[in-house]
Structure formats: structure tokens, C-alpha cells
Amino acid sequence: MRLMVLLQFVVMAIWPNAVLADEVWITEDLPELSFEIRGKSYLIKRGNDNSEYIAKVYPPKAPRACPPHCLQPMIQYDGVTPVGEVGLVTFIEDYVLTGDGYLVDTRVGNWFKAGTIPGAINLPFNMFNNTPTNPFYEPLMTQLGGKKTDKGWDFSDAKYLLLFCNGADCGQSPRAIRNLVNGGYDPEKLMYYRGGMKDWVRYGFSIQMPE
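Quick notes on the rules
Residues numbered from 1 in each chain as written. Predicted model: local features only at pLDDT ≥ 70, side-chain atom pairs only at ≥ 80, totals over all residues. Heavy atoms only, no water. Helix = DSSP H or I, 4+ residues; strand = E, 2+ residues; numbered from the N terminus. Contact = heavy atoms within 4.5 Å. Buried < 20%, exposed > 50% of the residue type's maximum accessible area, 1.4 Å probe, protein only. Pairing = 2+ DSSP bridges. Axes fitted to C-alpha atoms, helices over the stretch in contact; angles between N-to-C directions.

1. Structural notes on the side chain of Q208
Now for step 1: Looking at the element boundaries, Q208 is found in the segment after α7 (196–202).
Now for step 2: Aside from chain neighbours lying at most four places away, what touches Q208 is K40, Y42, G115, T116, I117 and P118.

Following this line, the structure appears as C-alpha cells:
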């Protein structure tokens, strides 16, 4: 036991950023991320055993029919930034915690309630449809920082958004992105996590169960 403790001490002394074999950090320099949004505490870390969650929510099955469940391109629009897991964590630090952006789960409510990425808000993809039958569009655009004018929507002060859904074969976030851009939202304020919940849980990240 003393030898093991001594070995760990030597390793950390020689390589301060070294990760021990039984630890799974987010990056070499970031073991985990704890933060608070709107008075609620969140924690993102890796190393969680998500096997039960995967088996329940994403059981193994044959590929779904395409269309509609087609693989999505990484680049949705010129200017929209694709991100991975580290980019998502960085987005939370740089935009969500500063009040300049939102991490958006675009899945419908039952999927969101089954578990989401810590810190995400649920704005289902169909809320972004700019149609006369959608009562949520104008309030949502206003919440995101848009201003309705006589010439249409002004999104110059709009929030940065990072959108995700269930994974590479989920078209919900791409549809939301398409509607945002077509409505005048600056694509450079939009980011897309193509891996979605499927990749998130398979890499052992924390899952938030909405209340």
C-alpha cells in the first residue's frame, strides 16, 4: 500500500498533469466541470457507467429507415460551427456561464425527460418553425435575443446557441438550425453537436435527469 502511494506521488511529481489509470478526465487539464445556472448546480464528468441508460434508451437495433433517419453532414451551413464533446464543455464555460448563450436540447419532451446533457434547456425542434400555426416562434425568438421589426427579425443581439439531439442520424437539430438561418439568425452564432446524446453517454459523460 505504501509503495502504491509513493508511486502515485512520484508520478504526479514528475508529470503534474498525469491522469492515473483509474481516472477518466474530460481533457488532460480538466478533470471535471461543476457549474451553476439559474441557481441550480450541475456537474459534468466522465467515467460514469451508462450501460443501463444505453440499454434502456438506446437499445441495439438495426439502422432506422432513411429518410427520415439519414446521417447528417457535419457542416450544416457555412458559418455554423460543428463541435465535439470538448467543444461543448468549452461552450458552457464561454457562453452559457457568461449569459451569452444556451445549450439547446432540440428533442421532444419525452426524450429530454429520459436524460440530457447537464445545463441544457429543452427547446423542441418544431418550436423553430416560422409558420402561422406555431404560437411559440415569436416568444422563443424574443427569448433568444431577437427583436421583431417592420422589416423582419433583428438578431444582432441574439444569443449564441449550441444545438444537439440524439446523434448523427437525428435530423431534429439540423431542422432547427435550418429554420433559424432561414429566419435571419446569424449562422456564426450557431454551433452543432452532431454526436448528440448517443455519443455523449457512450463516452461516459454525466447525464442530467430533468425534474
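2. Re the pairing of strand β4 (residues 101–105)
Now for step 1: Across the 5 residues of β4, 5 count as buried, placing the element largely inside the fold.
Now for step 2: Of the two faces of β4, the one carrying G101, L103 and D105 and the one carrying Y102 and V104 are both buried.
Now for step 3: Pairing of β4 with strand β8 (residues 160–164), which is carried by 5 bridges, proceeds in the parallel orientation. For G101, the partnering residue across the bridge sits in β8 and is Y160.
Now for step 4: Where β4 meets strand β5 (residues 121–122), 2 bridges bridge the pair, whose relative direction is parallel.

3. Observations regarding the sheet that holds β5
Now for step 1: Ordered by their spatial adjacency, 5 strands build an open sheet running β3-β9-β8-β4-β5, and the pairing between neighbours is parallel. The sheet is open, and its two edges are formed by β3 (81–82) and β5, each paired on a single side.
Now for step 2: Against the sheet, helix α3 (residues 85–96) touches β4, β8 and β9 (190–193), its axis set at about 135 degrees to β4.

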